[in-house]
Amino acid sequence: MSEVATATEAHDDHDHGHEEHHSSLGLSNMKLAMWLFLGSECLLFTALISSYLLSKTRFIAELTAGNPDVIRGTLGDNVPADVENGDRLANSGDLLEPFSEMFAEGTVEPLWDIPFTSFSSFVLLMSSLSMVLAHSAVSKGDYKNTRLWLGTTALLGSVFIGGQVYEFTTFFREGLTYQGTLFGSAFYTLTGFHGVHVTGGILMLGSLLFLSFRGKLQKDRAETVELVGLYWHFVDVVWVLIFTIVYLIP
Amino acid sequence: MTLALPPAEQKFDGSPLGALVRPRTSTGLKGWLTTVDHKKIGIMYGAAAMFFLLIGGAAALLIRIQLAAPNQTLLGGDAYNRVFTMHGTVMVFLVVMPIGAAFANYMMPIQIGARDVAFPRINAFSFWVFLAGGLMLNTSWFLGGGANGGWFNYAPNNGIAFSPSAGIDFWNLGLFIAGIGSLSGAVNLITTVLNMRAPGMTWMRMPVFVWMTLVTQFLLLFAIPVLTVAQLLLMFDRNFGANFFNVSQGADPLLWQHLFWVFGHPEVYLMILPAFGIVSEVIPAFARKPIFGYPFMVASGAIIGFMGWGVWAHHMFVSGIGPLSVSAFSVATMFIAVPTGVKILNWVATLWGGKLLMTTAMWFSVGLIVQFTVGGLSGVAHAVAASDTQQTDTYFIVAHFHYVLFGGALFGFYAGLYFWWPKAFGYLLDEKWGKWNFWSMVVGFNLTFGPMHILGLQGMPRRMQTYDDAMGFSNWNLVATIGSLILGVGTLLILVNAMISRRRWIADGRPNPGPDPWDARTLEWSIQSPTPEHNFDYTPQVTELDDFWHRKYAMDENHNLVKIADAKDLAQPGNGEGVHLPAPSFWPILLAFSMPIIGYGVMFSLWLTIPGGILMMASLYGWALEPADDLDPKIDDHDGHGELVNV
């Protein structure tokens, strides 16, 4: 139990000017705080993913059972006139692509374009690599490469976000609206939340890049880059989960 | 992080991140608005909680007056719904939680021997954003008529179809905003406990209050995001037309109950644990004994923290969750009574054989032990699912949670106020008024909530706007109302006491109570009262549990306690020359108050989110680029660096 005291004394002997850096765990406050924040984020995404899974299951169950409200929700602007007039209930025969296939197969799979999303997932994962390289560069005082890799990371993140915007647009055109169905609400909320996290990360990377160009991101602030990196890797890992749970598992 | 001592005249290799000037005043209104001092922030948390206590208390008295006699018409059905909803919401989120935060902020850093929390500006932000959310919630009285869905705001009643007025939106967005403060506070305080302990302050030398703060903040860290998700889903449903709780689209409204109670059960423990921590400090001080079974006190608190996550569905026994779930949660709930029982046993064992000094703080602690035990026992009654099925949604439940939260938590907080008042304000609260305060609260409290056990078992439903004389509820309701009026006066006596004591202290020209008026045990008593702005002149070196006590007392060869030093001689003088403190900042309050602007925008007009968003982004960047310090430009420490990512 005395290691803490001894370690601190030794530290103080070496370096009188740094009492503010005394830390009981030997980890900087900022880094500890970032880990705690990410721990909290885990619960945020757990709750969102659970809500998504429940909503998806309920949607498929109601759709395949022919719930007329749910079917009407999938039709958007394409509600047949006799349904709109109330002359008859909506039924599964009114369903358009891809909902008719969802109805037939009992899953939401017909919606996905797995090769496309795999590609954008790959892009996002590669951005973790460039993030590591950025941190490594700034730790060595190599500011040119710091800017190169920070820029690359931000660019790859932006490509991913671009892919998400394209995907959302496509799904929307196919009839999956935010307000129409329970599944639409859940899908856009979960993936949109992740997208907002990535966008926040891009903003942070952009700010770091700006600081670096102004000469204010030097070796002694390498930890700042590391912290942004922690966040960035976390967001990537969450995407691996979301991609698996939402797109790959039937 | 900014607590460098002056010899640190190191030059920083990069140019500092300075773009904006920091405020310099630490006095007056501006001093309070821009402060980053954990003690001032703690006091503001306490003051805000007392303000909200007046609002929540007024709502409670309205409820009791409405129910004093059968067939009253003071409040109509809709008004009644709003009043009890706002009562519960305000009391839970804006009174009990912030008083806990007040003690954690003020006392925890001093008890671990630190000069401030890990992130002073984030600390200020946590407070202001809590206040912003709380005020926003309460503007619903004028702008939307008050929330009316109950404090747990069940779906699908909380949807637009059943609750078209804006009251629910205020509940949702106001608490969402206040929750951001709880979350940032949790990150900050956990970092502080884990990382900023004085040399030698090992895990098992931390005061029990510090331990309970740590457990509480971990509960907040993991519980708040779950509530946040529930609130976001509801916001998307109500304000943007999503379908998460839309039953006609196949949604399952039980989702709300699960999300809410996964948050809500840890929530009840994070309301009570700070009070447990406080009485664990007060009782040893006045029983003149160390706390009985310190490791068990710590472990039981931590176990409550873990097990608190596995019992949420006992709030849902009648929601149709199936026999297997009911059995599992029923057993888990019975188990969680064990660590709680350990705590009660240890307090009693600490009292046993002690030289009891029955101060007001001690009386309030004993009040907690007794009343919390009553509430705990009725809680175990709810763990039995068959019995709970009878009691759900009756006044029995109302009696139960008031016994644990008012008779338990609030009594514990009052104990803390009487105990630590001299440390914060430099004068003692009057003991005679204190006894009046305590006994009027005990009498009023038990008269109010004791009869509710009977009313509940007779079948009186909670949230019932009125009742007929023929139902047989009239007599006990009248008793409860009389009790509540006594309780209302009793609760306010602490404010009266504070004013009278202060005036008397000055009029009589009494001396400063000194660093250690109670001859107590922990580090906060080793510094002057009121606490100097920099807390410690030098970092204390800790060698054992209750370190300060052991520096005052030792055992002689016959195992008798002998005084070896006087607190006045041991205490740090409080002159603290050359201590460098973090400078005040405008950004926390600006960032905090940008959020309700966005919240109002979501409710009333999305255009408002634009100025709100601009203010928010400007505050974030202003914060991140704020210079380390302007007060003493020779010292260039690293404040501000890296906070870009951590606001």
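As a convention, each chain's residues are numbered from 1 in the sequence order in which they are written. Labels are handed out in written order, letters beginning with A for the chains and numbers beginning with 1 for the ligands. For a predicted model such as this one, the threshold for reporting local features is a pLDDT of at least 70, and the threshold for listing and counting side-chain atom pairs is 80 or more; totals across whole chains, interfaces and linings nevertheless cover every residue. Side-chain descriptors were evaluated using all non-hydrogen atoms of the structure, hydrogens and water having been removed beforehand.

**Overview of the overall build of chain B**
Let me state the cut-off plainly: The numbering of helices and of strands both runs from the N terminus, where a helix is a DSSP run of H or I of at least 4 residues and a strand a run of E of at least 2. As defined in this context, the radius of gyration uses C-alpha atoms, and a globule is described by 2.2 Å times the residue total to the power 0.38. We call a residue buried when its accessible area falls under 20% of the maximum for its residue type, exposed when it is over 50%, and partly exposed in between, using a 1.4 Å probe and counting protein chains only. Residue contacts follow a heavy-atom distance rule, with two residues in contact if any of their heavy atoms lie within 4.5 Å. Per-residue and other accessible areas were derived by the Shrake-Rupley procedure at a 1.4 Å probe size, with only the shown protein chains allowed to occlude residues.
In terms of regular secondary structure, chain B is built from 18 helices and 2 strands. For 647 residues, the compact-globule estimate of 2.2 N^0.38 gives 26 Å, and the C-alpha radius of gyration of chain B, at 25 Å, lies within 12% of that figure. Its C-alpha atoms give chain B principal-axis dimensions of roughly 75 × 65 × 50 Å. Counting all 647 residues of chain B, 63% fall into the buried class. Considering only intrachain contacts with a sequence separation of at least 6, the fraction spanning at least 24 residues in chain B is 81%. With an accessible surface of roughly 22,600 Å², chain B has 70% of that area assigned to carbon and sulfur atoms.

**Quick word on the overall build of chain A**
Helix and strand content of chain A: 9 helices and 0 strands. Listing every helix and strand of chain A by position from the N terminus yields α-α-α-α-α-α-α-α-α. Dimensions of chain A, computed from the C-alpha atoms along their principal axes, are close to 85 × 45 × 25 Å. Within chain A, the proportion of its 250 residues that are buried is 50%.

**Digging into empty space enclosed by the protein**
Residue and element names in this part refer to chain B. Here is the rule: Put plainly, a pocket is an open set of points on a 1 Å grid over the protein atoms alone with protein on both sides within 12 Å along at least five of seven lines, a cavity is a set where a 1.4 Å probe fits but cannot get out, and a lining residue has an atom within 4 Å of a point. Grid points are joined across faces, edges and corners, and a volume is the space filled by probe spheres set on the points.
Enumeration over the complete set of coordinates arrives at 6 cavities of 30 Å³ or more. One number sums up the size of the largest cavity: a volume of about 330 Å³. Looking at the largest cavity, it is lined by 30 residues, and the ones nearest its centre are Met97, Pro98, Ala101, Ser182 and Leu220. If you list the elements that add at least two residues to the lining of the largest cavity, you get α3 (77-111), α4 (120-143), α5 (167-195), α6 (208-240) and α7 (254-287). Of the residues forming the lining of the largest cavity, the biggest block, 8 residues, is contributed by α5.

**Some points on the pattern of salt bridges**
Any two side chains of opposite charge can pair, on the condition that their charged atoms come close. The condition that has to hold: Note on definitions: salt bridges are taken to be side-chain nitrogens of Lys or Arg within 4 Å of carboxyl oxygens of Asp or Glu.
Scanning the model with the defined rule gives 18 salt bridges over all chains in all. Between Glu226(A) and Lys31(A) there is a salt bridge; the shortest N-O distance is 3.2 Å. Taken as a pair, Glu226(A) in helix α9 (residues 222-248) and Lys31(A) in helix α2 (residues 29-64) lie far apart in primary sequence, 195 residues in all. Between Asp169(B) and Arg238(B) there is a salt bridge, and its shortest N-O distance comes to 2.7 Å. Taken together, the residues span a long stretch of sequence, with Asp169(B) in helix α5 and Arg238(B) in helix α6 at a distance of 69 residues. Both residues of the pair, Asp169(B) and Arg238(B), belong to the buried class. Taken together, the salt bridges that share partners define one network made up of Arg288(B), Asp516(B), Asp519(B) and Lys552(B).

**Points about helix α6 (residues 114-140) of chain A**
Residue and element names in this part refer to chain A. What counts is decided by this rule: Multiplying 1.5 Å by the helix residue count minus one yields the expected span of that helix.
The end-to-end C-alpha separation of α6 is 40 Å, in line with the 39 Å expected for 27 residues at 1.5 Å each. Those residues of α6 that sit buried are Thr117, Ser120, Ser121, Val123, Leu124, Ser127, Ser128, Ser130, Met131, Ala134, Ala137 and Val138. Where α6 is buried, its residues touch α7 (143-174), α8 (182-213) and α9.

**So, the packing of aromatic side chains**
Spelled out, the test is: The criterion for an aromatic pair is that two Phe, Tyr or Trp rings (for Trp, the six-membered ring) have centres within 6.5 Å, with stacked assigned to planes under 30 degrees apart, edge-to-face to planes over 60 apart and tilted to the rest. Working rule: Lys NZ or Arg CZ, within 6 Å of ring centre, within 35 degrees of ring normal, means a charge sits over the ring.
According to the stated counting rule, one finds 77 aromatic pairs over all chains in the structure shown. An angle of 50 degrees between the planes, with centres 6.4 Å apart, marks the rings of Tyr178(A) and Tyr188(A) as tilted. Of this pair, Tyr178(A) sits in the loop between α7 and α8 while Tyr188(A) sits in helix α8, and the two are 10 residues apart along the sequence. Take Tyr178(A) and Tyr188(A): they sit in the same class, and that class is buried. Sitting above the plane of the Trp32(B) ring, Lys40(B) keeps its charged end 5.2 Å from the centroid. Just above the ring of Trp203(B) sits the side chain of Arg197(B); from NZ or CZ to the centre is 4.2 Å.

**Describing the packing of α7(B) against helix α10 (residues 360-383) of chain B**
All names here are of chain B. The following threshold applies: Here, axes are lines fitted to C-alpha atoms. For helices the fit covers the stretch in contact, and angles between N-to-C directions go from 0 to 180 degrees. Throughout, the term roughly parallel applies to angles under 35 degrees, roughly antiparallel to angles over 145, roughly perpendicular to angles from 65 to 115, and oblique to all others. Crossing handedness: left-handed means the near helix sits turned counterclockwise from the far one by under a right angle, and right-handed means the same turn made clockwise. All amino acids are sorted into three groups, where Ala, Val, Leu, Ile, Met, Phe, Trp, Tyr, Cys and Pro are nonpolar, Asp, Glu, Lys and Arg are charged, and the leftover types, Gly among them, are polar.
Interhelical geometry of α7 versus α10 gives an angle of 130 degrees and a closest axis separation of 9 Å. Compared by their axis directions, α7 and α10 come out oblique. When you trace α7 past α10, the crossing you get is left-handed. In this structure, α7 uses Ile272, Ala275, Phe276, Val279, Val282, Ile283, Phe286 and Ala287 to contact α10, whose residues at the interface are Ala361, Met362, Ser365, Leu368, Ile369 and Phe372. Considered class by class, the residues forming the contact of α7 with α10 number 13 nonpolar, 1 polar and no charged.

**What about unusual backbone geometry?**
Of note, the bond from Glu97(A) into Pro98(A) is cis; its omega dihedral lies within 30 degrees of zero at -5 degrees. With respect to the helices, strands and loops of the structure, Pro98(A) is situated in the loop between α4 (81-84) and α5 (99-105). Put simply, Ala155(B) and Pro156(B) share a cis peptide bond, and its omega is 0 degrees. Note on placement: Pro156(B) falls in the loop between α4 and α5.

**A closer look at the nonpolar core**
We apply this condition: Among buried residues, the Ala, Val, Leu, Ile, Met, Phe, Trp, Tyr and Cys ones that are joined through side-chain atoms within 4.5 Å form a nonpolar core.
With 262 residues, the main nonpolar core has Trp112(A), Phe187(A), Trp347(B) and Phe419(B) as its most contacted residues. Per element, the largest residue contribution to this core is 22 residues, and it comes from α7(B). Excluding anything up to four places from it in sequence, Trp112(A) contacts Tyr52(A), Phe171(A), Phe183(A), Phe187(A), Val246(A) and Tyr247(A).

**Thoughts on the confidence of the model for chain B**
Residue and element names in this part refer to chain B. This is how the line gets drawn: Note: pLDDT gives the predictor's confidence per residue, expressed from 0 to 100.
For chain B, mean pLDDT is 91; residues scoring 70 or higher make up 94% of the total. Under a pLDDT of 50 for its full length, residues 1-16 has, in the predicted model, 47 contacts with residues more than four places off or in other chains. Across residues 630-647, where pLDDT falls below 50, the model places 60 contacts with residues more than four positions away in sequence or in other chains.

**Observations regarding a nonpolar patch on the surface**
Residues and elements named next belong to chain A. The condition that has to hold: Patch definition: residues with relative accessible area over 30% and no salt bridge; like charges joined within 9 Å; nonpolar side chains (Val, Leu, Ile, Met, Phe, Trp, Tyr) joined within 5 Å.
On the surface, Phe122, Leu125, Met126, Leu129, Leu133 and Val240 cluster together into a nonpolar patch covering about 490 Å² of accessible area. Considering every element that reaches the nonpolar patch, the biggest residue donor is α6, with 5 residues. Locating Phe122 in the fold gives a position in helix α6.

**Some remarks on the environment of Phe329(B)**
Residue and element names in this part refer to chain B. Mapped onto the secondary structure, Phe329 falls in helix α9 (residues 323-351). Counting along the chain gives 220 residues from Phe329 to Pro109, while the straight-line C-alpha distance between them is 37 Å. Setting aside residues up to four positions removed in sequence, Phe329 forms contacts with Gly310, Val311, Trp312, Ala313, His314 and Phe317.

**A look at the side chain of Arg197(B)**
Residues and elements named next belong to chain B. The test is simple: Here a polar contact is recorded for every N or O atom pair within 3.5 Å, except that within protein the pair must consist of a potential hydrogen donor and a potential acceptor, and residues adjacent in sequence are included only if both atoms are side-chain atoms.
Within the fold, Arg197 resides in the loop between α5 and α6. The buried category is assigned to Arg197, whose relative accessible area is 5%. Looking at Arg197, its side chain comes within polar contact range of the main-chain oxygen of Leu194, at 2.9 Å. Of the polar contacts made by the side chain of Arg197, one reaches the backbone oxygen of Met201; its length is 3.1 Å.

**Structural notes on the confidence of the model for chain A**
All names here are of chain A. Scored by pLDDT, chain A has a mean of 89; 91% of the residues are at 70 or more. Taken element by element, the predicted model of chain A shows its lowest mean pLDDT in helix α1 (residues 3-14) (36) and its highest in α6 (97). Counting interchain partners and residues more than four positions distant, the pLDDT-below-50 stretch residues 1-20 has 21 contacts.

**Details of the packing of α3(B) against α5(B)**
Residue and element names in this part refer to chain B. Contact geometry of α3 with α5 gives a least axis separation of 12 Å together with a crossing angle of 20 degrees. Taken as axis vectors, α3 and α5 run roughly parallel relative to one another. As α3 packs across α5, the resulting crossing turns out to be left-handed. Here Thr89, Phe93, Met97, Ala104, Asn105 and Met108 of α3 lie close against α5, whose contacting residues are Trp171, Leu175, Ser182, Leu189, Thr192 and Val193.

**Describing the side chain of His534(B)**
Residue and element names in this part refer to chain B. Structurally, His534 can be placed in the loop between α14 (474-507) and α15 (547-552). The exposure class assigned to His534 is buried, which follows from its relative accessible area of 8%. There is a polar contact of 2.6 Å between the side chain of His534 and the side chain of Asp537. Apart from the residues within four sequence positions on either side, His534 is in contact with Arg115, Gly574, Asn575, Gly576, Val579 and Leu581.

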